[in-house]
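A look at the structure
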Amino acid sequence: MAVAGEPSFRESVDLMFNRAVALMDLSPGLEQKIRVCNSTYTVRFGVRLRGKIETFVGYRSVHSEHMEPVKGGIRYAMSVNQDEVEALAALMTYKCALVETPFGGSKGGLCIDPRAWEPHELEQITRRFAYELIKRDLINPAQNVPAPDMGTGEREMAWIADQYARMNTTDINAKACVTGKPPHAGGIQGRVEATGRGVQYALREFFRYPEDVAKAHLTGDLDGKRVVVQGLGNVGYHAAKFISEEDGAKIIAIIERDGALHNEDGLHVETVKQWIAKHGTIKGYPDANFVDDGAKLLELDCDILIPAAMEGVIHMGNAAQIKAPLIIEAANGPITFGADEILRQKGTVIIPDMYANAGGVTVSYFEWVKNLSHIRFGRMQRRAEEARHILLVDELERLAADKGLDWTLSPGFKEQYLKGAGELELVRSGLDDTMRGAYQAMRAIWHGRDDVEDLRVAAYIVSISRVAATYVSKGL
Ligand code: GLU
């Protein structure tokens, strides 16, 4: 957690915003309009559980409605509070603008320890929270579309979707009221892995530019890079798994809430994940050194640090000790404003949250579009695409035979080439394209302007200009 005297999460986001707008030419009125959070709804509701009435406190904050619906996850954690929800909603506005998903920014949260309740109790609580939000149009396919976040997942989204459908029996677009649903309940392939996959695509894109890599005093690509991951939840797990299994990165440390594992030869992410699932703790894992004070390993010598858990884990108290030359913010707000200043002075390259973890909302966008179009991606084209590929391969083979050429296609080529893209391939392709495009927009500002020294300021400038353009064209 941030050290005493540091600004709150919400203030930290505003300070980062201010640093960017100082370099822009917006009218002070418009600047203020974009900065402020439009509204935050607080609800306190009771649910009868285990023979008594339990009261829960929940929030849904709408930061900006320059585009609707507004979008952002719902978090279940004891630490949820209004300041946090508002900071996260603001980040959603900037994130959506950066990756060009046509949404405003929103976020929700419920003060609850999800592990303290049985699934049927969580269902009762979730349905009641959803009911409170739905009746105020704070969940609605055209106005406000939640998604998973810390402590929630497919299961909660399915309950929310069902609750909405029960309350809006004639809404043909009911399924589009929430994203991150299981595939059998209107979800989309690749949504669960999406944020981690987006982190992988972001890193791959960064390593495509040797000048950018050199700014972090690194060379080459992801292969062999020594990586520290903080948090093996949905985002950290998928990011670490993909970059180690597919790009050759070496995960030398995994930090969890109850300690950390360290092994310079590399940790096998899947095996660690299974260990945690089986034992409920990272402790006792055989193939690594266990470190009690896990947060200490944020300071480990490594090439890439991936904070993928909570906000504020890199703060003014530990920023100076961080050795990683490259940090990719898989979580929202893991670096406080004060820590960001210290790291910038040191020359650390930071790939900022609003870009790095935008894979989730990007695939949420695909899911929402799928729900509104009532058809799975690829359903109409797949076999037509295959048929055209078959035509081409058949023709090449006929020509080769006609000319008596000793000509064969490489093994596996035919199967791979002929296969038309299914939903998962299309989702990954759309995500990859989005992550590349957004990085290029940021780096154009980073390299194109003398007064912009880092990717975070560049990201804010890209996002704020887009939000501002929407407001201006609306006549504000
Ligand atoms: N909770 C995720 C985030 O912070 C996903 C939001 C969404 O898909 O709407 O970006």
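Check the entry above for the structure.
Conventions adopted
Residues numbered from 1 in each chain as written. Predicted model: local features only at pLDDT ≥ 70, side-chain atom pairs only at ≥ 80, totals over all residues. Heavy atoms only, no water. Phe/Tyr/Trp six-rings, centres within 6.5 Å; stacked < 30°, edge-to-face > 60°. Helix = DSSP H or I, 4+ residues; strand = E, 2+ residues; numbered from the N terminus. Buried < 20%, exposed > 50% of the residue type's maximum accessible area, 1.4 Å probe, protein only. Lys NZ or Arg CZ within 6 Å of the ring centre and 35° of its normal. Polar contact = N/O pair within 3.5 Å; in protein donor to acceptor, adjacent residues only side chain to side chain. Contact = heavy atoms within 4.5 Å. Pairing = 2+ DSSP bridges. Axes fitted to C-alpha atoms, helices over the stretch in contact; angles between N-to-C directions. Core = buried A, V, L, I, M, F, W, Y, C linked by side-chain atoms within 4.5 Å. Near = heavy atom within 4 Å. Areas by Shrake-Rupley, 256 points an atom, 1.4 Å probe, with all protein chains shown as cover. Nonpolar A, V, L, I, M, F, W, Y, C, P; charged D, E, K, R; others polar.

All told, the structure shown has 14 aromatic pairs when counted by the stated rule. Measuring from centroid to centroid gives 5.2 Å for Phe 103 and Trp 368, while their planes differ by 75°, and the two rings are edge-to-face. Residue Phe 103 is found in the loop between α3 (82-98) and β5 (104-111), and its partner Trp 368 is found in helix α12 (residues 359-373); the two are separated by 265 residues along the sequence. Comparing Phe 103 with Trp 368 shows no difference in burial state: the two are buried. In this structure an aromatic cluster arises from ring pairing among Phe 206, Phe 207, Tyr 209, Tyr 355 and Tyr 439. Over the face of the ring belonging to Phe 242 we find Arg 197, whose NZ or CZ atom lies 3.5 Å from the ring centre.

Moving on, we come to the side chain of Lys 107. Following the sequence through the fold, Lys 107 ends up in strand β5. Side-chain polar atoms of Lys 107 contact the side chain of Asp 149, separated by 2.9 Å. When near neighbours in sequence (up to four residues on either side) are disregarded, Lys 107 contacts Tyr 59, Arg 60, Ser 61, Gly 72, Gly 73, Val 85, Leu 88, Ala 89, Met 92, Asp 149 and Asn 332.

This part is about unusual backbone geometry. Glycine aside, a negative phi is what most residues show, and trans is what most peptide bonds show. Omega for the bond connecting Glu 68 with Pro 69 falls within 30 degrees of zero, at 5°, which places this linkage in the cis form. Note on placement: Pro 69 falls in the loop between β2 (52-64) and β3 (70-71).

This next bit is on the sheet that holds strand β13 (residues 349-351). Spatially, 7 strands are ordered β10-β9-β8-β7-β11-β12-β13 in an open sheet, and the strand pairing comes out mixed. With partners counted over all chains shown, the strands left at the sheet margins are β10 (289-291) and β13, one partner each. Ignoring which end each strand starts from, the neighbouring axes of this sheet average 20° apart. Sheet analysis places strand β9 (residues 259-262) next to β10, joined by 3 bridges and oriented antiparallel. The residue bridging His 262 from the neighbouring strand is Asn 289, located in β10.

Counting 93 residues, the largest nonpolar core has Ile 34, Leu 203, Ile 306, Leu 326, Tyr 460 and Ile 464 as the members making the most contacts within it. With 11 residues, helix α16 (residues 455-474) is the single largest residue contributor to this core. In this structure, Ile 464 is in contact with Phe 17, Ala 20, Val 21, Met 24, Leu 26, Ile 34 and Tyr 94, ignoring residues within four places of it in sequence. Judged by nonpolar contacts, the second largest core, of 28 residues, contains Val 43, Phe 45, Ile 112 and Leu 133.

What follows concerns the site of the ligand. Taken together, 14 residues surround the ligand, and among them Lys 71, Lys 95, Pro 148, Asp 149 and Ser 364 come closest. Alone, the ligand offers 300 Å² of accessible surface; in the complex the protein occludes 95% of this. Among the secondary structure elements, those contributing two or more residues to the shell around the ligand are α3 and α12. Partitioning the shell around the ligand into residue classes produces 4 nonpolar, 5 polar and 5 charged.

Functional significance is not addressed by these values, which are geometric in nature.
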